[in-house]
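Remarks on the overall topology
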Protein chains: 4
Amino acid sequence: MRNARRAELQSISPPADLVNQLSSHTFLPMNKLRAGIVGVSGYGGGEALRLLANHPYFDLVHVAGESSAGQKLRERFPGLGALGELSIEKWAPGSLPELDVLFASLPTGESKTGLAQVSTSTKIVDIGGDHRYAPGWTYGLADVWPDRLRAATRVANPGCYPAASLLALAPLLHAGLCEPGAPIIIDAKSGVSGAGRGGGSTFGYAEVNEDVSAYGLLKHSHMPEIAATIAQLSGDASRLVFTPHLIPMTRGILATIYATGSATTEACTTAARQFYADRPFIRISDKPPHTKWAAGSNLAFIHYACDPARKLMMAVAAIDNLGKGAAGQAVQNANLMFGLDETTGLTGTPIWP
Amino acid sequence: MRNARRAELQSISPPADLVNQLSSHTFLPMNKLRAGIVGVSGYGGGEALRLLANHPYFDLVHVAGESSAGQKLRERFPGLGALGELSIEKWAPGSLPELDVLFASLPTGESKTGLAQVSTSTKIVDIGGDHRYAPGWTYGLADVWPDRLRAATRVANPGCYPAASLLALAPLLHAGLCEPGAPIIIDAKSGVSGAGRGGGSTFGYAEVNEDVSAYGLLKHSHMPEIAATIAQLSGDASRLVFTPHLIPMTRGILATIYATGSATTEACTTAARQFYADRPFIRISDKPPHTKWAAGSNLAFIHYACDPARKLMMAVAAIDNLGKGAAGQAVQNANLMFGLDETTGLTGTPIWP
Amino acid sequence: MRNARRAELQSISPPADLVNQLSSHTFLPMNKLRAGIVGVSGYGGGEALRLLANHPYFDLVHVAGESSAGQKLRERFPGLGALGELSIEKWAPGSLPELDVLFASLPTGESKTGLAQVSTSTKIVDIGGDHRYAPGWTYGLADVWPDRLRAATRVANPGCYPAASLLALAPLLHAGLCEPGAPIIIDAKSGVSGAGRGGGSTFGYAEVNEDVSAYGLLKHSHMPEIAATIAQLSGDASRLVFTPHLIPMTRGILATIYATGSATTEACTTAARQFYADRPFIRISDKPPHTKWAAGSNLAFIHYACDPARKLMMAVAAIDNLGKGAAGQAVQNANLMFGLDETTGLTGTPIWP
Amino acid sequence: MRNARRAELQSISPPADLVNQLSSHTFLPMNKLRAGIVGVSGYGGGEALRLLANHPYFDLVHVAGESSAGQKLRERFPGLGALGELSIEKWAPGSLPELDVLFASLPTGESKTGLAQVSTSTKIVDIGGDHRYAPGWTYGLADVWPDRLRAATRVANPGCYPAASLLALAPLLHAGLCEPGAPIIIDAKSGVSGAGRGGGSTFGYAEVNEDVSAYGLLKHSHMPEIAATIAQLSGDASRLVFTPHLIPMTRGILATIYATGSATTEACTTAARQFYADRPFIRISDKPPHTKWAAGSNLAFIHYACDPARKLMMAVAAIDNLGKGAAGQAVQNANLMFGLDETTGLTGTPIWP
């Protein structure tokens, strides 16, 4: 594949002759970092594939999955270039090729057993939920704790709903604006690719289309992660409420948050602009954001609206559940883990309309 | 099941020959109630048309609209039968034909001036918002105050978002379960037909598709109506919050409500079952409802989930914004106003999938 | 309009007290026809349920299905009234209760074995494909051959794609306008509920949303039925081409047909108006129809556009695949089989928007 | 903006220090080509913006539009980086800044007058339809006639429907496989962004959602362009038929083509693989393609299926109407016009799901 990859590099690099000159001078890192994806035929793995396919420094050399093992990548992803020739291998965590980094997007429960067998010389970003706040794993909320990522070798990528919610809450918690012991209500809305593949007829098109529903009321399945992070930010999650909703669209998460405190809209907005001053993917918006603003990107848009008289501080966060909610943040984390500019491979403009 | 089946039989027909016999004996009311619709080419008016087209007792004899005046109904609604021959007239409120009832679905502001000119011998159901809680107008929340409708001649139909929200809250307020001075948060999600026609490119398909957004944060435009009704139910709306969201689907409203109180799930559910014991369109559900359950119908599904330890009482209500949220409830109100069984013409099973 | 209105009045009801008087005089058929549905939790069976729930003369007394056996109907269809109390039985064709008519909506292959065991005293409408043009079964293209239905006891309901296509072609074939041995091309587009439940992840929301594809090219799976019907209409199907496409919507089929002949638009339109002169569900349209015009109904809209100089006769037909394409036509057939007015229970106005 | 752009370049180029070394050696073309877009707030212009925002060699320095003049780009496109600071100017074709290339995406009729005033030192790619096959303009079907593009200064980008259709037909015509004087039928299906902004309530979400319709039957509005190109390829368009359909999705065009000839599937496929042997964006597929395969990209997928016995040669082509159907091909053309590798800035993997 070396020759084919070189051909592709010509469109993101200087012309061919210059590449040759440069490589002889070792100006360009021709020995790129070797990356792998397990769970490549799921939505999270597929998005990681899309982002890595054009990443200047990660060379995708190994892909694995259960449902598609044996096929070539191109059979699942017809739009790939030379990368499509790569074969999808069976998932064999104990006998992976040499990889610098592995992106794992496995069904719940499967990461825990499998990733433990991966060589410690391979850094891991687990897009799935098995290792969030597990010992030895760094919680990969990159826009809040980038420094923790720089030294990490085992990163648990935040869940999509938590990513949206926590990015909106973090500045308020950090600035001590949320009243302790008072409610924090997160009402979240997600597109269907947040549910994952293999949902059976529950997620069949005709069932999901033209429908909205809430699920998991008070059931806390996403809440431990959110609560733990709130605690890390010195907040009080004792009255945290989280309600997810399924929305008939493919991508996107909107988290509408009702927190308690006396801060003004301006104070919250200023706190957020300061908190995220040098974070390239966070956009504090003066209007309520649309999920579409983030489609296909690793951006997060956050808006605040407060009513101090009634101690209500509202925040609305919009992300792409496969972007900031999964693969986008995973690649951002990997960039940090390898000392690259964290926007590498993530500078695409959102898809519109 | 026999009694229930007999009740359902009331909306069915005898064979053709019997109809003829009966009409000669004037057993059948050949002089049906004369109904009119203004704003028939909007979504609310169009749904009223669909419901009245097969209503046993309302004879649709007059339709009016601005954008479609001069056309025959069939040009706008190709699926109509004989009714399609009716011409759409210009809206002339001061010179309407004799009507027993007029359903008005006009843009905001246009009802106020126009309907004042309508003869008092014509009862009115205003589907639009101009007359909610206006003097001389009855607020048409039929499932809560059916008795008020029976004597009414001027009815202001509730808005779609308030309909969903209030039906969920009413039992809790009535039973005094909501803590005074404590927050009531309504996070509502609506399909696009709630926005009305003529939205320009803001509601163009490509803009709205695959997108979710919140709007009108803290702006209270729907809140006076909800607050006034909460007050009518002896509740405290001082900390009422309402946040609407636009969802990429045609029909449906889901209202997720976070109220404050120590009642259990069972207590709330029991209170609701009692409150709505004889109300035919309200379904108390033991699972969170889907908006699709109500599609094309006048039903409202309500579910409660509480966490007494944290004083959280959640309710989720699902309706069709054009059904219970507009024309369905309008027809239900008209049925009550004319002493008909309130389910007349509203017994259709929801559309699925 | 009086006569037309009287015709419509045939599907309405007398007031409650009159119903009681009439029943005591047995003017009303209190012993309604006993109907059953097998495959009630599929899309076709579910639509049959919706239509029968309010049918004046069919009393739904038995429902069966595999995936939902043991549940009450209300658990699958929360919007049902008293009918929701009916239990879903296991499919036991050899030991059904006494039924006047059974509507079968089973997966391909399952009808063939099962329905053979059903008592001959039970009339059958098979919505599935196993019996189309099978010996002893009447092909239920009701708008073309209503007389065949009146005497039938075993009816094979046309497939959805053939229903749309054949209704458009029938007048042309009948009038001899299609050139023998020349191409007839049917390019059809269907919503996802035409595919049926249980499609696995191939029909998962995220896979199907925002996508169009053609399938079954030249594979003739729908063609034997269409070809046989064309032959019945004295047409030549030797150069018949049929290409289905999957469209990201729930309901609807549009069939765009390119036939060969020298007739003018006017001649084709006139031929169709004559052919369908007394058929209540066929609408010949002077504009290309939208599938939405038929949503939730048993209507079929057909439009012709010809270019005689190039021997091109185009037809566009629009139906609801669950209406005229399945359950709607099944109920229409049953009406005919039992000597009822064929519009009974099928007079609802299409859902809009 | 120079410093901001340099910062962004770091993620598509070697590390910062290396960039500085290289620029001092003029290895990288730091004086990039100056590009402008007029009609930037339309769908085609917006997609051109997205592609140019990350193009290594085109520096977007001027954007103009009517409906958004005065705003900053970021107000329309919140996800932009530093480029968002650019102001949207009024369209003043006679007084544009110095540009190497201008991309025009104006409403029909507006290009003709405006572009005539643009300086001849500015190359133009007109994404709109006013100049297709106009004297002095090169028809920009890049995958078929790349050489014509290399010398062109005024390029008329093909329409979206013609792009899809012609790419499928070109190999057959070129190989003389289409029987002269015999029908070529193109049945095309397009997402709504092909209609353009400002479509009023005809393209309102609730009108278009859950609906399919055909339009422009036999009206030839797209046909002159297709016919002229067929003629250029020595084909016979005398019996060309083109029928567009509106599909409820944002992006995508599927063209299903029925041509006449005796070639086998293998012969057509081979002819196409040879015809497009060195064309990087054309994928000949052994399965019927999905429009989703091309989403967000400049790819075109083509599949052939023939029935020689009946002289039927079918082709199915799938593109993104904003990609290969508009801005993608426009950027590809511009790459060729300026002697760049034609894949520059167009190597992104399609968006999935």
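What you see is a predicted model; the values in this text were computed from it and never measured.

We now examine the overall build of chain A. Within chain A one finds 11 helices and 14 strands. Put simply, chain A has 353 residues, and 64% of those count as buried. Accessible area of chain A: about 11600 Å², with a carbon and sulfur share of 52%.

Another aspect to go through is the relation of the copies chain A and chain C. Mapping one chain copy onto the other needs a rotation about an axis and a shift along that axis. By a simple turn and slide, chain A fits onto chain C: the slide is 0.0 Å along the axis, the RMSD is 0.0 Å, and the turn is 180 degrees. Taken together, the turn and the small shift mark the pair as related by a two-fold rotation axis. An overlap of 100% is found between the interface residues of chain A and their copies at the interface of chain C, pointing to a shared contact surface.

Next up on the list: the domain arrangement of chain A. Residue and element names in this part refer to chain A. Each assigned domain of chain A is listed with its residue range as follows: domain 1 (2–157 + 326–337) and domain 2 (160–321). Contacts between domain 1 and domain 2 engage 20 residues on the former and 22 residues on the latter. With both sides pooled, the region where domain 1 packs onto domain 2 buries about 1700 Å², and carbon together with sulfur makes up 52% of that total. Taken as a group, Tyr43, Tyr133 and Asp143 account for 34% of the area that domain 1 buries against domain 2, more than any other trio of residues on that side. Between the two partners, domain 1 and domain 2, sit 2 salt bridges. Arg251 is the partner of Glu47 in a salt bridge, and the nearest nitrogen-oxygen pair spans 2.7 Å. Inspection of the region where domain 1 meets domain 2 yields 11 residue pairs in polar contact (both at pLDDT 80 or more). The element best represented in the side of domain 1 that touches domain 2 is helix α11 (residues 323–337), accounting for 4 residues.

Bringing the packing of aromatic side chains into the picture now. In this description, a pair of aromatic rings is defined by centroid distance and the angle of the planes. In this structure the tally under the stated criterion is 34 aromatic pairs over all chains. Their ring planes at 90 degrees and their centres at 5.6 Å tell us that Phe77 of chain B and Trp352 of chain C sit as a pair that is edge-to-face. Placement of the pair is Phe77 of chain B in the loop between α4 (73–76) and β3 (88–89) and Trp352 of chain C in the segment after α11 (323–337), with the two residues belonging to separate chains. Ring pairing ties together the aromatic residues Tyr43 and Phe77 of chain A together with Trp352 of chain D, which thus form one cluster. The positively charged end of Arg148 of chain A is found above the aromatic ring belonging to Trp145 of chain A, 4.0 Å away from the centroid.

Our next topic: the pattern of salt bridges. Following the criterion strictly, the structure yields 56 salt bridges over all chains and no others. Where Lys72 of chain B meets Glu85 of chain B, a salt bridge forms, and the shortest distance between an N and an O atom there is 3.9 Å. With Lys72 of chain B in the loop between β2 (58–64) and α4 and Glu85 of chain B in the loop between α4 and β3, this residue pair connects regions lying 13 residues apart in the sequence. The class for Lys72 of chain B is partly exposed, based on a relative accessible area of 33%. Between Glu342 of chain D and Arg279 of chain D there is a salt bridge, with its nearest N and O atoms 2.6 Å apart. On the criterion of sequence distance, the pair formed by Glu342 of chain D in the segment after α11 (323–337) and Arg279 of chain D in the loop between α10 (265–275) and β12 (282–284) is long-range, its members being 63 residues apart. Here Glu342 of chain D and Arg279 of chain D have matching classes, each one buried. Through salt bridges with shared partners, a single ionic network connects Glu47, Arg50, Arg251 and Asp320 of chain A.

This paragraph deals with the interface of chain A and chain C. Each partner contributes to the interface: chain A provides 15 residues, whereas chain C provides 15 residues. In total, chain A and chain C occlude about 1300 Å² of area from one another, counting both sides; carbon and sulfur atoms represent 53% of this. Summed over the shared surface of chain A and chain C, the number is 0 salt bridges. Our enumeration of links across chain A and chain C arrives at 10 residue pairs in polar contact (both at pLDDT 80 or more). Examining the composition of the side of chain A that touches chain C, we find that 4 residues originate from one element, helix α8 (residues 205–208) of chain A, more than from any other.

All names here are of chain A. Judged by how many residues are buried, strand β11 (residues 253–260) sits mostly within the fold: 8 of 8 residues are covered. The side-chain alternation of β11 yields two buried faces, one formed by Ile253, Ala255, Ile257 and Ala259 and the other by Leu254, Thr256, Tyr258 and Thr260. As paired elements, strand β8 (residues 184–190) and β11 share 7 bridges and run antiparallel to each other. Across the sheet, Ser190 pairs through a bridge with Ile253, a residue of β11.

Here the focus is unusual backbone geometry. That bond from Trp352 of chain B to Pro353 of chain B is cis: its omega, -10 degrees, falls within 30 degrees of zero. Structurally, Pro353 of chain B can be placed in the segment after α11 (323–337). Within the chain, Tyr133 of chain A stands out as a residue other than glycine whose phi angle is a positive 65 degrees. Even without being glycine, Leu218 of chain B reaches a positive phi, approximately 60 degrees. For Leu218 of chain B, a relative accessible area of 16% puts it in the buried group.

Residues Ile37, Leu49, Phe58, Leu60, Leu73 and Phe103 of chain D are the most contacted members of the largest nonpolar core, which totals 46 residues. For this core, the secondary structure elements donating two or more residues are β1 (33–38), α3 (43–53), β2 (58–64), β4 (101–104) and α11 of chain D. The leading source of residues in this core is α11 of chain D, at 7 residues. Both of domain 1 (2–157 + 326–337) and domain 2 (160–321) of chain D provide at least three residues apiece to this core. In this structure Leu49 of chain D touches Ile37, Val40, Leu60, Leu73, Phe77, Leu80 and Leu83 of chain D, once residues within four positions along its chain are discounted. Counting residues in each nonpolar core, the second largest holds 45 residues, with Tyr57, Leu86, Ala330 and Leu346 of chain A among its members.

Basis of the calculations
Residue indices begin from 1 for each chain and proceed along its sequence in written order. The naming scheme follows written order: chains are lettered A onward, ligands numbered 1 onward. In keeping with the model being predicted, local features are shown solely for residues with a pLDDT of at least 70 and side-chain atom pairs are shown and tallied solely at 80 or more, while totals for entire chains, interfaces and linings include all residues. Side-chain descriptors were evaluated using all non-hydrogen atoms of the structure, hydrogens and water having been removed beforehand. Numbering of helices and strands starts at the N terminus; helices are DSSP runs of H or I of at least 4 residues and strands are runs of E of at least 2. Remark: exposure states derive from per-residue accessible area (1.4 Å probe, protein chains only) relative to the maximum for the residue type, with buried under 20%, exposed over 50%, and partly exposed in between. Only the protein chains shown count as covering a residue, and every accessible area follows the Shrake-Rupley method with a 1.4 Å probe. The least-squares superposition of copies is restricted to C-alpha atoms, and to residues with a pLDDT of at least 70 in both copies. For this analysis, residues touch if any pair of their heavy atoms sits within 4.5 Å. Where each domain begins and ends follows an automated or database-derived domain assignment. By definition, the buried area sums, over both parts, the 1.4 Å-probe accessible area that each loses when the two are put together. Salt bridge, as used here: a side-chain nitrogen of Lys or Arg that lies within 4 Å of a carboxyl oxygen of Asp or Glu. Each polar contact in these results corresponds to two N or O atoms within 3.5 Å; when the atoms are within protein, one needs to be able to donate a hydrogen and the other to accept it, and residues that are neighboring in sequence are counted only if both atoms are side-chain atoms. Geometry of aromatic contacts follows a simple scheme: Phe, Tyr and Trp rings, the Trp one being its six-membered ring, pair when their centres are within 6.5 Å, and the pair is stacked under 30 degrees between planes, edge-to-face over 60, tilted otherwise. Sitting over a ring, as applied to charges here, requires NZ of Lys or CZ of Arg to be within 6 Å of the ring centre and within 35 degrees of the ring normal. In this analysis, strands are considered paired if DSSP registers two or more bridges between them. Buried Ala, Val, Leu, Ile, Met, Phe, Trp, Tyr and Cys residues form a nonpolar core when they are joined through side-chain atoms within 4.5 Å.

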